[in-house]
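Listed here are the chains, written in short residue letters.
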Amino acid sequence: MTGGYYSIEQVFHVKAGDFASAGEASSQIKKILKQLGIDSTLVRRVSIAAYEAEMNLVIHSVGGELKLKVTPQSIVVTAEDKGPGIPDIDLAMQEGYSTAPEIARELGFGAGMGLPNIKRCADRLNIQSKVGEGTLLEIYFDIKAR
Amino acid sequence: MKVSQIIEALSLKVLAGESFLDREVCSGYCCDLLSRVMARGEKGMVWITVQTHMNIVAVATLIEMACIIIPEGIEVERKVLDKAEEEGVIILSSDLTAFELAGKLYQMGIVPVKVR
C-alpha cells in the first residue's frame, strides 16, 4: 500500500443457479484489489472468500448481492440474499456438512467447505440468517500497515 | 520447472494458454471438488481434474495456478477454452488417467500442495 486515501464500494448481482457465469464477481473483485496494489497474499484470501460466498449465493439462495468495500484500513465483502435462510448456522459452519442439490454436486460443489473456507481466509466473520427472510454474511479483512 | 517442460515430458496437448507456457510450476494437486481445491490451492500449482465446466477457469484464476491438466482425453467445450484464453489460464489434455499423470509428475519432482 502506498498510503494513499481511497474508499471504494462496488456491488455485483449474483443470479441463483447461474453456474455458467458464477465466479465472475469474485474475479472482478480480485482485479480491483490488484489494481489498488493490495498485498497479493491478502488479495488471494479475499478472492477465495468472495468466490465461496458467490457460489453460496448461486447454489443456495434465491439470488442476491455480493458487495466489496475497500478503505485504507480494511476490506469488507458482504453477501446478502432474500432467502431461503440457514436453519442451523453452527451446522452450516461444520466442514463436510452440505445441503447442496445434486446438480451442484455433479459440478464438484457441495463439499461442505464453503463457509469453513471463508472463515479460514477472513480476519472476522459475521453471519446472520433467518429462515424465510434471508442471510447476511459479512467478511472482514484487516489491511495491516507496513 | 516450467509448464513447457511438463508438456514435453508427458506429451500433453495444449488446449488453451499457449502463450503462457514458460510459467513456473511449484506444486501439484489432484481433486474434483472445487471447494477442496479452493482450500488447498497454491499459487503455481498443477491441478489435475475431470471437471471441465466454466468454473474451473475461475478457480484456476483465483488460485493463480500454473496450469490445469484434464485426464483421459476428456473433451473441453470451446467456450470454456475461450474463457481460459481470455483469463490467461493454461488448460492441457492427456489420454492418461489422473492417477498416472500424478505419478509421473511426482516422479519428475513436483511436490504435493501443503495440506494445512
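Calculation criteria
- Residues numbered from 1 in each chain as written.
- Chains lettered and ligands numbered in written order.
- Predicted model: local features only at pLDDT ≥ 70, side-chain atom pairs only at ≥ 80, totals over all residues.
- Helix = DSSP H or I, 4+ residues; strand = E, 2+ residues; numbered from the N terminus.
- Rg over C-alpha atoms; globule rule 2.2 N^0.38 Å.
- Contact = placed C-beta atoms within 7 Å.
- Nonpolar A, V, L, I, M, F, W, Y, C, P; charged D, E, K, R; others polar.
- pLDDT = per-residue confidence, 0-100.
- Buried ≥ 20, exposed ≤ 12 C-beta atoms within 10 Å, placed from the backbone.

### Some thoughts on the overall build of chain B
Per the secondary structure count, chain B includes five helices and six strands. Order of helices (α) and strands (β) in chain B, N terminus to C terminus: α-β-β-α-β-α-β-α-β-α-β. Taken over C-alpha atoms, the radius of gyration comes to 12 Å for chain B, in line with the 13 Å a tight globule of 116 residues would show. Projected onto its principal axes, the C-alpha positions of chain B cover 35 × 30 × 25 Å.

### Considerations on the interface of chain B and chain A
The interface of chain B with chain A comprises 14 residues on the first partner and 18 residues on the second. Only α2 (34-40) and α3 (55-63) of chain B provide two or more residues apiece to the side of chain B that touches chain A. Sort the elements by how many residues they give to the side of chain B that touches chain A and α2 of chain B lands first, with five residues. For the side of chain B that touches chain A, the residue count by class is seven nonpolar, five polar and two charged.

### Quick word on the confidence of the model for chain B
On average, residues of chain B score 96 in pLDDT, and 99% of them reach the 70 mark or higher. Across the assembled chains, the prediction reports ipTM 0.83 with pTM 0.89.

### Regarding unusual backbone geometry
If a residue is not glycine, its phi is most likely negative; likewise, a peptide bond is most likely trans. Each neighbour pair has its own omega, and for Gly83 of chain A with Pro84 of chain A the value is 10°, a cis peptide bond. Turning to its location among the elements, Pro84 of chain A is positioned in the loop between β3 (74-81) and α3 (89-92). One non-glycine residue, Ser11 of chain B, lies in the positive phi region at around 50°. Looking at where Ser11 of chain B falls in the secondary structure, it is placed in the loop between α1 (3-10) and β1 (13-16). Positive phi, close to 60°, is recorded for Glu64 of chain B, a residue that is not glycine. Residue position: Glu64 of chain B is located in the loop between α3 and β4 (67-70). Using a count of 19 C-beta atoms within 10 Å as the deciding quantity, one classes Glu64 of chain B as partly exposed.

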